[in-house]
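Chain by chain, the residues run as shown.
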Amino acid sequence: MEHGYLRWVIEHTKTMWWHDSADPAELALGIKRGAVGATTNPFLANLALAKNKTTWADQISAALSQNQQPAERAEALMRIVVVHAAEQLLPEYQTSAGRTGYVCAQVNPTRAGDREDMLAMARRFSRWAPNIAVKLPATAAGLDVLEECAAEGITCTLTIGYTVAQTIAVAERYRRGLKRAKDHGVKPGRCFAVIMIGRLDDYLRDVAHDCRADVSESDIRQAGLAVTKRAYSIFKQHRYEAVLIVAALRGTYHATELAGAEVIMSIAPQYQAVEGGLLSPDLPHEERIDSEIPADVIERLSQVPDFVRAYEPEGMKPSEFITYGVTQRTLTQFIESGWRLMENFQV
């Protein structure tokens, strides 16, 4: 394994990391560097398909030759990507007895409010490989499906999450489903609650500029960290079984400021670099999860109502999760820059 900050983190703290890419070559390198899971989504799946057209030509042709509806075609293509990643991570899954080694398989993002469709997809996707974590949206409908999946022993990752309220809701609904599974003798699956830390910062930057809030760029760069640290503190306090995944990093600071937390970092290839990345030996070898965000930073950020909604444990009701601005922004990307492209994929 290469030397650098990532090696120190995984060898000396409780923090783990997943590879944020579906490309087989990139994932192989990530595993070599210590990744114990993989994040995929429709956008990343489409990129992997485009990059590996030749290698996967027979499988892609077989998927496209079937007389399917567009959504079924996208699902069949995504399955190719996810199953390949699952095979790469299967040794980790087996060695860890199912603790690690998962790959995410995201349900159709156009169905983020459709409980029946998402539950049917979750059941299908979970049969693709033993180490699938079905990726559901952290919406009111997604939470209902999560509980049902947990009761059936299906491992899930809850995505498009940005707020403390969402992470608490995920943890509570997973706990309820977990109890149902145990009561009926069902082997429980795992649950991962995503905070898309950099996407939240990006969104709040735009909102702050629009409402002319007196916040600096330094304040904005600490917004997602403040939300994540608060969510993590609550998770530890309540001893939640779900595990936080910190995704959509925008720089090494998102990792270094959370080092030592019992969380999973989802790290894209561009941040796995020696020069300016997390393989650098120059980053501080220091656990900083317990370092608080300064009170004056929180005070300034609180001028932005959407930060308050993200930061406060009761900042939003589940029925409001799908309407949060950055939720809609990300769903749109997953649909238009991922799922729709797979529906119309051409060799």
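Residues numbered from 1 in each chain as written. Predicted model: local features only at pLDDT ≥ 70, side-chain atom pairs only at ≥ 80, totals over all residues. Heavy atoms only, no water.

## A look at the overall build of the chain
Helices and strands together make up the secondary structure of the chain, namely 16 helices and eight strands. Projected onto the principal axes, the alpha-carbon positions of the chain cover approximately 60 × 45 × 45 Å. The buried share of the chain, taken over its 347 residues, is 57%. Nonlocal contacts in the chain, meaning residues at least 24 apart in sequence, comprise 72% of its contacts between residues at least 6 apart. Accessible surface, the chain as shown: approximately 14,800 Å² in total, 47% of it carbon and sulfur. Put simply, the chain has 38 plus and 43 minus side-chain charges, and the middle of one group is 4 Å from the middle of the other. (Helix = DSSP H or I, 4+ residues; strand = E, 2+ residues; numbered from the N terminus. Buried < 20%, exposed > 50% of the residue type's maximum accessible area, 1.4 Å probe, protein only. Contact = heavy atoms within 4.5 Å. Areas by Shrake-Rupley, 256 points an atom, 1.4 Å probe, with all protein chains shown as cover. Lys, Arg positive; Asp, Glu negative; His and termini not counted. Charge placed at Lys NZ, Arg CZ, Asp CG, Glu CD.)

## Re the packing of helix H8 (residues 164-183) against helix H11 (residues 223-238)
Running from amino to carboxyl end, H8 crosses H11 at an angle of 25 degrees, the nearest separation of the two axes being 9 Å. Between H8 and H11, the interaxial angle falls into the category roughly parallel. Every pair of crossing elements has a handedness; the one defined by H8 and H11 is right-handed. Residue-level contacts link Val164, Thr167, Ile168, Ala171 and Arg175 of H8 to Val227, Arg230, Ala231, Ile234, Phe235 and His238 of H11. A class-by-class count of the residues in the contact of H8 with H11 yields seven nonpolar, two polar and two charged. (Axes fitted to C-alpha atoms, helices over the stretch in contact; angles between N-to-C directions. Parallel < 35°, antiparallel > 145°, perpendicular 65-115°, else oblique. Left-handed = near helix turned anticlockwise from the far one by under 90°. Nonpolar A, V, L, I, M, F, W, Y, C, P; charged D, E, K, R; others polar.)

## Some remarks on the state of the cysteines
Under the counting rule described, the total for this entry stands at zero disulfides. Among the cysteines around Cys149, which has no disulfide bond, Cys156 carries the closest sulfur, lying 3.9 Å off. (Disulfide = S-S within 2.5 Å.)

## Some points on the pattern of salt bridges
Per the stated rule, a full pass over the model turns up 26 salt bridges. Arg123 is paired through a salt bridge with Glu152; the nearest N and O atoms lie 2.6 Å apart. Pair noted here: Arg123 is in helix H6 (residues 115-125) and Glu152 is in helix H7 (residues 140-152), with a separation of 29 residues, a long-range link. What emerges from the salt-bridge pattern is a single network uniting Arg115, Asp144, Glu147, Glu148, Arg173, Arg176 and Arg180. (Salt bridge = Lys/Arg side-chain N within 4 Å of Asp/Glu carboxyl O.)

## Let's talk about unusual backbone geometry
Backbone geometry places Ala97, a non-glycine residue, at a positive phi of 55 degrees. Assignment of secondary structure puts Ala97 in the loop between helix H5 (70-95) and strand S3 (102-106).

## Considering the nonpolar core
Ile132, Val134, Leu136, Leu204, Phe307 and Tyr324 are the most contacted members of the largest nonpolar core, which has 129 residues in total. Sorting elements by how many residues they give to this core places H5 first, with 11 residues. Dropping the residues within four chain positions of it, Val134 is found in contact with Ala105, Val107, Ala122, Phe125, Ser126, Ile154, Thr155, Cys156 and Thr157. (Core = buried A, V, L, I, M, F, W, Y, C linked by side-chain atoms within 4.5 Å.)

## Comments concerning the side chain of His19
One can find His19 in strand S1 (residues 16-19). Given a relative accessible area of 1%, His19 falls into the buried group. Every residue in contact with His19, bar those within four places of it in the chain, is listed here: Glu26, Leu27, Gly30, Ala35, Gly37, Ala38, Thr39, Ile267, Pro269 and Gln272.

## Points about the packing of aromatic side chains
Under the counting rule described, the total for this entry stands at eight aromatic pairs. Ring geometry for Tyr203 versus Tyr324: centroids 5.5 Å apart, planes at 70 degrees, classification edge-to-face. One end of the pair, Tyr203, is in helix H9 (residues 197-210); the other, Tyr324, is in the loop between helix H15 (318-321) and helix H16 (325-343), and 121 residues separate them in sequence. The same class applies to Tyr203 and to Tyr324, which are both buried. Ring centres of Phe235 and Tyr240 lie 5.1 Å apart, and the angle between their planes is 70 degrees; on these two criteria the pair is classed as edge-to-face. Neither Phe235 nor Tyr240 differs from the other in exposure class; each is buried. Its end group placed over the ring of Tyr253, Arg221 keeps NZ or CZ at 3.9 Å from the ring centre. A cation over a ring is seen here: Arg230 above Tyr311, with NZ or CZ 4.4 Å from the ring centre. (Phe/Tyr/Trp six-rings, centres within 6.5 Å; stacked < 30°, edge-to-face > 60°. Lys NZ or Arg CZ within 6 Å of the ring centre and 35° of its normal.)

## Focus on the pairing of strand S5 (residues 156-159)
The alternating pattern of S5 places Cys156 and Leu158 and Thr157 and Thr159 on opposite faces, both of which are buried. In the sheet, strand S4 (residues 132-137) pairs with S5 via four bridges, with the strands oriented parallel. Residue pairing in the sheet places Lys135 in a bridge with Thr157 of S5. A crossover connection joins S4 to the parallel S5 through H7; in handedness this β-α-β unit is right-handed. As paired elements, S5 and strand S6 (residues 191-196) share three bridges and run parallel to each other. Its bridge partner lying in S6, Leu158 is registered against Ala193. Between the parallel elements S5 and S6, the chain passes through H8 in a crossover that is right-handed. (Pairing = 2+ DSSP bridges. Right-handed = clockwise from strand over helix to strand, strands pointing away.)

## Re helix H2 (residues 24-32)
All of the buried residues along H2 are Pro24, Leu27 and Gly30. All buried residues of H2 fall inside an arc of 120 degrees around its axis, so they share one side. Turned more than 90 degrees away from the buried face of H2, the exposed residues are Ala25 and Lys32. On its buried face, H2 is in contact with S1, strand S2 (37-38) and H5. Where H2 starts, the residue carrying a side-chain oxygen 3.3 Å from the main-chain nitrogen of Ala25 turns out to be Asp23. Just downstream of H2 lies Gly34, where phi reads positive at about 115 degrees. (Arc of directions from axis to C-beta. Polar contact = N/O pair within 3.5 Å; in protein donor to acceptor, adjacent residues only side chain to side chain.)

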